[in-house]
Structure formats: structure tokens, C-alpha cells
Amino acid sequence: EKGTYPYYMLKEIDDQPTVMRRVVQEYTDSFGETVINQEIIDHVTDSDRIYIIACGTSYNAGWVGKAIIEKMTNTPVEVHLSSEFGYNMPLLSEKPFFIFLSQSGETADSRQVLVQANEFSYPSLTLTNVAGSTLSREADYTLLLHAGPEIAVASTKAYTAQIAVLAVLAKAVGDHKGNQSSLDFDIAHELSVIAAVMETMIDEKMVISQLVEDYLATTRNAFYIGRGVDYYVSMEASLKLKEISYIQAEGFAAGELKHGTIALIEEGTPVFGVVTDKKTAAHTRGNLKEVESRGAHNFVISLQSLAKETDQVIIPDVHPLLTPLVSIIPTQLIAYFATLQRGYDVDKPRNLAKSVTVE
Ligand code: F6R
């Protein structure tokens, strides 16, 4: 129920801290140890490569998951669009393990890949919000997102829940392998910190609403840029913005701009920079300067320890692998307010359905 909320999307953005706490509750014990079916852990440990298969927002979550899983488990991870993978299957490793990410569990493009994986008897796991859904029934294993029903077409809490559950899985496998980076990663604690920081960001609603008025009132297009996980967040942030506000929005790898995309920057073009990674912050700042000198109207979302006074949104520091869980929040609010201010239906954008059951 959306209760007093004007739109489901706003309620679902607000739900996210609760969802993080629920993931901790469902998947860790009172000692902070992970609680995941041992068979799943054994399969992942045994595999030489993980294939994450998904569409849309779930695909974007997969990229963040890849960064976390590789760090914790040392197993290579590939992330694929279901609709591409299904018809142009890449050469697979000897012992693949398939992870399907699907909020609804009903996405036809993803199911089509699962059917093929089953033909070869490759082990598979579905992360979904819907118990008993098709992708859950047809995969060997399921991990539920526990995000609660997601009604708005634009996915928000399923994205953060997918990342959180993938992080728990990464930790479980990494610990099983005895990897130090994993043993040092206190997932229950870190996700609790995330929940609190999410609340801080959600409390910034009115600030974001004003910024959106300043930056996006009349624009036809906008860009998000970042590197590494900040690039992955940029892909999701731009999908969110375009699908509900109809502003043409694209997410780009900041370093790739100069290889073509920078030609699109005009006087007043809004460019959102995501700066949460110490390794790449200086380079992304450099890229922001480049677009600014060509007229871009820069909007920077940064982590406190990397922030400049002139940045528009500053996020308290969290675990470096989990920054997408918090940097995504202001971008969800940006999409929400841009849509509201343009007078469109936030929950039901044109041409889109909540679950896509055709290929
Ligand atoms: C975007 C959105 C879609 C879905 C995509 C996959 O906000 O909702 O891009 O993420 O259709 O859906 P699921 O996760 O149900 O397979």
C-alpha cells in the first residue's frame, strides 16, 4: 500500500533502508556470519566463471555485483544482457555458474537463457523478489530479495536489494574460500551503516527537488559520468531518469567521453558526475572540468572524504565496495522530481510494463 505517499516510487525509495536491514536479518546470524544454502556456496566455489544474466535495472545491478564478487571470491564474473546472450551465446568456461537477476522473476528474455542453461545442466541461481516466480521455479536455487512488492514501473529498491544480496553471497563464498578480503568484510555491520546513510540521503528530498528545478527544468538531455562502480551507477541513474521523465539521458564511462561523446556537450547541458572512488576521483574531476569548459552545467555527487565544497550532493563515507547502494539514492530522487516537475505519471511511464513477458 502506498498509504499517504503520492506515488509508489517515492514509497519504494523510502523503503530501502528497511530492505537493507531485512537482508541483514534474513541472510546473517547474530554473530554477523552469512546464512546461505551451503549447496549454493559449494557450486559457486567450484565454478571457474560466473555468468550474471539480466535486463534493464537488474543488469545494471549485475555490474556492481561483479565488482563485489570478484573482489571477495577471486572468481571472474561476466555480466550479460539476456536478450543478447540468448541468441549469441559467448564461449563458456568449463565450469560456468549462472546467476539470473530478476525482480519479477518473469522476464521472458532472461527465462530464454535459463532454458538453454538447463539444457546443458549448468547450475543456476535466481535472485528475485517473487517467490514461486518462473525464473525461481526453473533455476536450481533461489535467493529472495525480501524487498517487498515493487509496484512502480521504475525499479528502485529491487536494485539496491540485488546488490546487497549479491554482496552477502560474495562474502559467503569468499569466506568459504578463506580469502582475506572477504574475512575482513563485516557485511552485517556494513549494510547496517548503509541503511543509516540511506536515511540521511532520503532526508535530502527537498534539497534534491530544488536542484532538479535548477538543472533539469527545460533540458532535453542529460549525462551521467563516472568510472568503475561510479560508471555502473551512471548507467542505472540515466536509465531511471530517461524512463520516467523522458529526458534523453545517457551514462558514460568518464574516460571515454573524449573519444566521441564530448561532442554532445553544449552550453547548459547538465552533466552529473559520480565521484565515490578514491582511485579514480581525480580523473573523473578532470573529465568534469573538460565538459565544463565546453559549457556543461556540472552537478557532482561525491563521497565526503573526496568532496569539494562546490559539490551539489555529498554522501557520508561507507565501505568502498558498497558506495553504489548510497550514491544511487540521490539519482533515484533526481528522476522522481524531474518527472513530477514535468507533470508526468511517475509510477506508470508511457510504453512500459512492470514485467516484460515477451522476447
Ligand atoms: C527499469 C526497469 C526494467 C527492469 C527490467 C528487468 O526501472 O524496471 O528495466 O529492470 O525489465 O525486469 P526484471 O528485474 O523483473 O527481470
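It should be noted that the structure appears before, not after, this text.
Below: a short report on this structure. (Residues numbered from 1 in each chain as written. Predicted model: local features only at pLDDT ≥ 70, side-chain atom pairs only at ≥ 80, totals over all residues. Heavy atoms only, no water.)

**A short note on the side chain of Glu-12**
Its location among the elements puts Glu-12 in helix H1 (residues 8-14). At 5.1 Å, Lys-157 is the nearest oppositely charged side chain to Glu-12, a buried residue that forms no salt bridge. Once residues lying within four places of it in the same chain are set aside, the contact partners of Glu-12 are Pro-149, Glu-150, Ile-151, Ala-152, Thr-156 and Lys-157. (Helix = DSSP H or I, 4+ residues; strand = E, 2+ residues; numbered from the N terminus. Buried < 20%, exposed > 50% of the residue type's maximum accessible area, 1.4 Å probe, protein only. Lys, Arg positive; Asp, Glu negative; His and termini not counted. Salt bridge = Lys/Arg side-chain N within 4 Å of Asp/Glu carboxyl O. Contact = heavy atoms within 4.5 Å.)

**Quick word on the site of the ligand**
Near the ligand lie 13 residues; those nearest to it are Ser-58, Ser-102, Ser-104, Thr-107 and Glu-243. Take Gln-103: an N or O atom from its main chain is 2.7 Å from an oxygen atom of the ligand. Calculation on the ligand without its partners gives an accessible area of 400 Å², and the protein chains cover 89% of this total. At the level of elements, helix H4 (56-73) and helix H12 (229-245) are the ones that each hand at least two residues to the shell around the ligand. The greatest single-element share of the shell around the ligand, amounting to 3 residues, is contributed by H4. A breakdown of the residues in the shell around the ligand according to their chemical character gives 3 nonpolar, 8 polar and 2 charged. (Near = heavy atom within 4 Å. Polar contact = N/O pair within 3.5 Å; in protein donor to acceptor, adjacent residues only side chain to side chain. Areas by Shrake-Rupley, 256 points an atom, 1.4 Å probe, with all protein chains shown as cover. Nonpolar A, V, L, I, M, F, W, Y, C, P; charged D, E, K, R; others polar.)

**Some details on the sheet that holds strand E7 (residues 248-253)**
An order of E7-E6-E8-E9-E10 is seen for the 5 strands of this open sheet, with the pairing classed as parallel. Strand pairing shows two members of the sheet lacking a second neighbour, E7 and strand E10 (313-315), which therefore form its edges. Strand-to-strand twist across the sheet, computed as the mean angle between neighbouring axes with direction ignored, equals 15°. Sheet topology places strand E6 (residues 221-226) next to strand E8 (residues 270-275); 3 bridges connect them, and they run parallel. The residue of E8 that forms the bridge with Phe-223 is Val-271. Helix H11 (residues 205-216) contacts E6, E8, strand E9 (297-303) and E10 of the sheet and is inclined by roughly 150° relative to E9. (Pairing = 2+ DSSP bridges. Axes fitted to C-alpha atoms, helices over the stretch in contact; angles between N-to-C directions.)

**A look at the sheet that holds strand E5 (residues 141-144)**
Taken in spatial order, the 5 strands make up an open sheet running E2-E1-E3-E4-E5, and their pairing is parallel. With partners counted over all chains shown, the strands left at the sheet margins are strand E2 (77-81) and E5, one partner each. In this sheet, neighbouring strand axes are inclined to one another by 20° on average, regardless of whether the strands run parallel or antiparallel. By the bridge criterion, 5 bridges tie strand E1 (residues 49-54) to strand E3 (residues 96-102) in an arrangement that is parallel. Bridge assignment links Ile-50 to a residue of E3, and that residue is Phe-97.

**Thoughts on the packing of H4 against H12**
Here H4 crosses H12 at 170°, and the two axes come no closer than 9 Å. In this view, H4 runs roughly antiparallel relative to H12, as classed from their interaxial angle. Every residue of H12 that contacts H4 at Gly-56, Thr-57, Asn-60, Trp-63, Val-64 and Ala-67 is listed here: Val-229, Tyr-232, Met-235, Glu-236, Leu-239 and Lys-240. The residue makeup of the contact of H4 with H12, split by class, is 7 nonpolar, 3 polar and 2 charged. (Parallel < 35°, antiparallel > 145°, perpendicular 65-115°, else oblique.)

**Re the nonpolar core**
Within the largest apolar cluster, 109 residues are counted, with the highest numbers of intra-cluster contacts made by Ile-99, Leu-191, Leu-216, Leu-241 and Ile-334. Per element, the largest residue contribution to this core is 13 residues, and it comes from helix H8 (residues 157-176). Non-local contacts of Leu-216, meaning those with residues more than four positions away in its chain, are made with Ala-222, Leu-241, Ile-247, Pro-270, Phe-272, Ile-334, Ala-338 and Arg-342. Phe-85, Leu-114, Ala-117 and Tyr-122 belong to the second-largest nonpolar core, a separate cluster that totals 11 residues. (Core = buried A, V, L, I, M, F, W, Y, C linked by side-chain atoms within 4.5 Å.)

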